[in-house]
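# Working through the structure, step by step
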Amino acid sequence: MKGKSLLIGIIIGVVMAILWSIVFVNVLISMAGIGVGICFGISFGILGSLIFSKKGKNK
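Right, let's walk through the structure included here. The residue count restarts for each chain, going from 1 along the sequence in the order it is written. Given that this is a predicted model, residues contribute local features only at a pLDDT of at least 70 and side-chain atom pairs are listed and counted only at 80 or more, while totals for whole chains, interfaces and linings are drawn from all residues. Only hydrogens and water are set aside; all other atoms, that is, all heavy atoms of the structure, feed into the side-chain values.

Now for the overall build of the chain. A run of DSSP states H or I qualifies as a helix once it reaches four residues; a run of E qualifies as a strand once it reaches two. Both are numbered from the N-terminal end. When you go through the chain residue by residue, the secondary structure sums to two helices and zero strands. Here the term buried applies to any residue with accessible area under 20% of the maximum for its type, exposed to any over 50%, and partly exposed to those in between, with areas from a 1.4 Å probe on protein chains only. When the 59 residues of the chain are sorted by exposure, 20% land in the buried category. Put simply, 52% of the contacts in the chain that link residues at least 6 apart link residues at least 24 apart. In this description, accessible areas are obtained by the Shrake-Rupley approach with a 1.4 Å probe, and a residue is regarded as covered only by the protein chains that are shown. Approximately 4400 Å² of the chain is accessible, and the part contributed by carbon and sulfur atoms is 79%. Contact definition: two residues touch when any of their heavy atoms are within 4.5 Å.

On to the packing of aromatic side chains. Remark: the centre distance and the inter-plane angle together describe each pair of aromatic rings, the angle taken between the planes. When the centres of two rings from Phe, Tyr and Trp lie within 6.5 Å, Trp using its six-membered ring, the rings pair. Their planes under 30 degrees apart give stacked, over 60 give edge-to-face, and anything left gives tilted. In this structure the tally under the stated criterion is one aromatic pair. Measuring from centroid to centroid gives 5.0 Å for Trp20 and Phe40, while their planes differ by 25°, and the two rings are stacked. Placement of the pair is Trp20 in helix α1 (residues 2-28) and Phe40 in helix α2 (residues 32-58), with a sequence separation of 20 residues. The exposure class assigned to Phe40 is partly exposed, which follows from its relative accessible area of 33%.

Positionally, Gly33 belongs in helix α2. A C-alpha to C-alpha distance of 7.7 Å links Gly33 and Val23, two positions ten residues apart in sequence. Residues contacting Gly33, with those up to four places away along its chain left out, are Trp20, Ser21, Phe24, Val25 and Leu28.

Distance thresholds for patches are 9 Å for like charges and 5 Å for nonpolar side chains (Val, Leu, Ile, Met, Phe, Trp, Tyr), applied to residues having over 30% relative accessible area and no salt bridge. Between Lys or Arg on one side and Asp or Glu on the other, a salt bridge is scored when a side-chain nitrogen of the former is within 4 Å of a carboxyl oxygen of the latter. A contiguous nonpolar surface patch, about 920 Å² in accessible area, is contributed by Met31, Ile34, Ile38, Phe40, Ile42, Phe44, Ile46, Leu47, Leu50 and Ile51. By secondary structure assignment, the location of Ile42 is in helix α2.

Okay, the side chain of Ser21 next. Examined against the element boundaries, Ser21 turns out to sit in helix α1. Among the residues examined, Ser21 registers a relative accessible area of 11% and is labelled buried. N or O atoms closer than or at 3.5 Å make up a polar contact, with two conditions inside protein: a donor-capable atom paired with an acceptor-capable one, and, for residues adjacent in sequence, both atoms drawn from side chains. A polar contact is formed between the side chain of Ser21 and the backbone oxygen of Ala17, at a distance of 2.7 Å. If near-sequence neighbours (up to four positions away) are discounted, Ser21 is found in contact with Gly33, Ile34, Gly37 and Ile38.

Shown next as structure tokens:
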């Protein structure tokens, strides 16, 4: 179960990094938005994996 929650967290992190990168590149009109997007994606990925691991323990 831990591997599954980690995989879900990684998937969420990658998807969020791509989405945030697109948003921040368009908002900042700079390539610096890619770094900001990756930082947000990593944080959302960690939070997502923690949330899914907590849900798995409650069952």
